[in-house]
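For reference, the chains in residue letters:
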Amino acid sequence: MSKFWSSIVHQLDPYTPGEQPKGTNLVKLNTNENPYAPSPKALAAIEAYAGDRLRLYPDPNATDLKKSIADYYGMSINQVFVGNGSDEVLAHIFQGLFQQSKPLLFPDITYSFYTAFCGLYKINYELIPLDNDLTINVSDYVRNNGGIIFPNPNAPTGCLLALNEIESLLKANTESVVVVDEAYIDFGGESAVSLVNYYPNLLVTQTLSKSRSLAGLRIGLAVGHPDLIEALDRVKDSFNSYPLDSLAIVAGIAAFTDVDYFKSTCERVILSRVVWQESSHKWVLR
Ligand SMILES: *Cc1c(COP(=O)(O)O)cnc(C)c1O
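Positions within a chain are numbered from 1, following the residues in the order the chain's sequence is written. Where local features are concerned, this predicted model is filtered to residues with pLDDT of at least 70; where side-chain atom pairs are given and counted, the filter is 80 or more; whole-chain, interface and lining totals use all residues. Side-chain metrics in this entry use all non-hydrogen atoms of the structure; hydrogen atoms and water are not considered.

1. Digging into the packing of aromatic side chains
- The pairing test for Phe, Tyr and Trp rings, Trp by its six-membered ring, is centres within 6.5 Å, and the orientation test on the planes gives stacked under 30 degrees, edge-to-face over 60, and tilted for anything in between. Evaluated as defined, the whole model comprises 16 aromatic pairs.
- What links up through ring pairs into an aromatic cluster is the set Tyr15, Phe94, Phe98, Phe106, Tyr111, Phe113, Tyr114, Phe117 and Tyr125.
- A ring is considered to have a charge above it if a Lys NZ or an Arg CZ atom is located within 6 Å of its centre and within 35 degrees of its normal. One cation-aromatic arrangement involves Arg212 over Phe262; the distance from NZ or CZ to the ring centre is 3.8 Å.

The structure is reproduced here in structure tokens:
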């Protein structure tokens, strides 16, 4: 504590990413890092780029990376935003889209960074209780709100919402932004990116930290209507115009283009969830 602090600093309740032990012979599950290496093509892209060109600033818009992401999802570049990890993308969303007079809604058990952002940006929020089976009931979110956010699948519960449930929420909630945080969608579930062209208030965030094994590079993204993307660009260019460094840009492109490697490591992670179920005498996915 110090008299030199801005008053907001005294009020903050910062996020902590769990215990970060120093040992290297540990499987650390509390930040959900991928056990498999990044795509060899991503590592080769970093090696090929590292050199004299690091004198230069990166492309402030990371256009080539946005193009790879847009191509992967069949979207346009102006529907894609990229940031320094999806935490930074989320920070810009909270500041640029969720500072409203009505309360932001999110589940009472969810990613704990959401409350930290609300503290930082002085956003008033309402926690919506999960159902008894720990699932999100989308009809609970059809009420007065200045925005809605939830991870799908939710973290740390792992419960997944089907796309038609998200769509029914979007049909009922047209006057505020709905953000689906898809940090884990590649491990099972259908991405809501396919709904973006139909719902101008839908924004989907993803990260290369989990399913693409690049947590150390810090690359996150959002896909949504160009007007929502423009809001994020305006916040970004008032905060840090070069959020992605050149190495992250080239490795991110390679990671998004190397679809075969991505699919095979996701498959291996998914298969590691298979367990023997005594009651049905079968191997089932957890
Ligand atoms: C890991 C995680 C993030 C943040 O990912 P980064 O891109 O590494 O910042 C965001 N949301 C959820 C739900 C996560 O689990």
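Next comes the rest of the account.
2. What about the side chain of Lys236?
- Mapped onto the elements, Lys236 comes out in helix H7 (residues 226–236).
- Polar contact is the term for a pair of N or O atoms within 3.5 Å; when the atoms are in protein, one must be able to donate a hydrogen and the other to accept it, and sequence-neighboring residues count only if both atoms are side-chain atoms. Only 2.9 Å separates the side chain of Lys236 from the side chain of Asp237, close enough to count as a polar contact.
- Contacts between residues were defined by any pair of non-hydrogen atoms, one from each residue, lying within 4.5 Å. Apart from the residues within four sequence positions on either side, Lys236 is in contact with Pro60, Asn61, Phe81, His92, Ser241 and Pro243. Here a helix means four or more residues in a row that DSSP labels H or I, a strand means two or more in a row labelled E, and each is numbered from the N terminus.

3. Comments concerning the sheet that holds strand S3 (residues 125–128)
- Taken in spatial order, the 7 strands make up an open sheet running S1-S7-S6-S5-S4-S2-S3, and their pairing is mixed. Looking at strand neighbours, the two that pair on one side only are strand S1 (80–83) and S3, the edges of this open sheet. Across the sheet, the axes of successive neighbouring strands diverge by a mean angle of 20 degrees, strand direction being ignored.
- For strand S2 (residues 104–107) and strand S4 (residues 147–151), the ladder comprises 2 bridges, and the chain directions are parallel. Pairing of Leu104 across the sheet is with Gly147, part of S4. Strand pairing is assigned whenever DSSP detects at least two bridges linking the two strands. In this analysis, axes come from line fits to C-alpha atoms, helices being fitted only over the stretch in contact, and the angle between any two N-to-C directions falls in the range 0 to 180 degrees.

4. Here's the deal with helix H9 (residues 259–271)
- Here H9 is 13 residues long and its end C-alpha atoms lie 18 Å apart, about the 18 Å a rise of 1.5 Å per residue gives.
- Listed as buried for H9 are Phe262, Thr265, Cys266, Val269 and Ile270. Buried residues of H9, seen end-on, are gathered within an arc of 140 degrees and therefore sit on one face of the element. Looking at H9, the residues exposed on the side facing more than 90 degrees away from the buried face are Asp260, Lys263 and Leu271.
- Buried residues in H9 make contact with helix H3 (63–73), strand S8 (274–277) and strand S9 (282–285). Residue count minus one, scaled by 1.5 Å, sets the expected span of a helix. Each residue's exposure class comes from its accessible area (1.4 Å probe, protein chains only) as a fraction of the maximum for that residue type: buried when under 20%, exposed when over 50%, partly exposed otherwise. The directions considered for the arc are those from the helix axis to the C-beta atoms.

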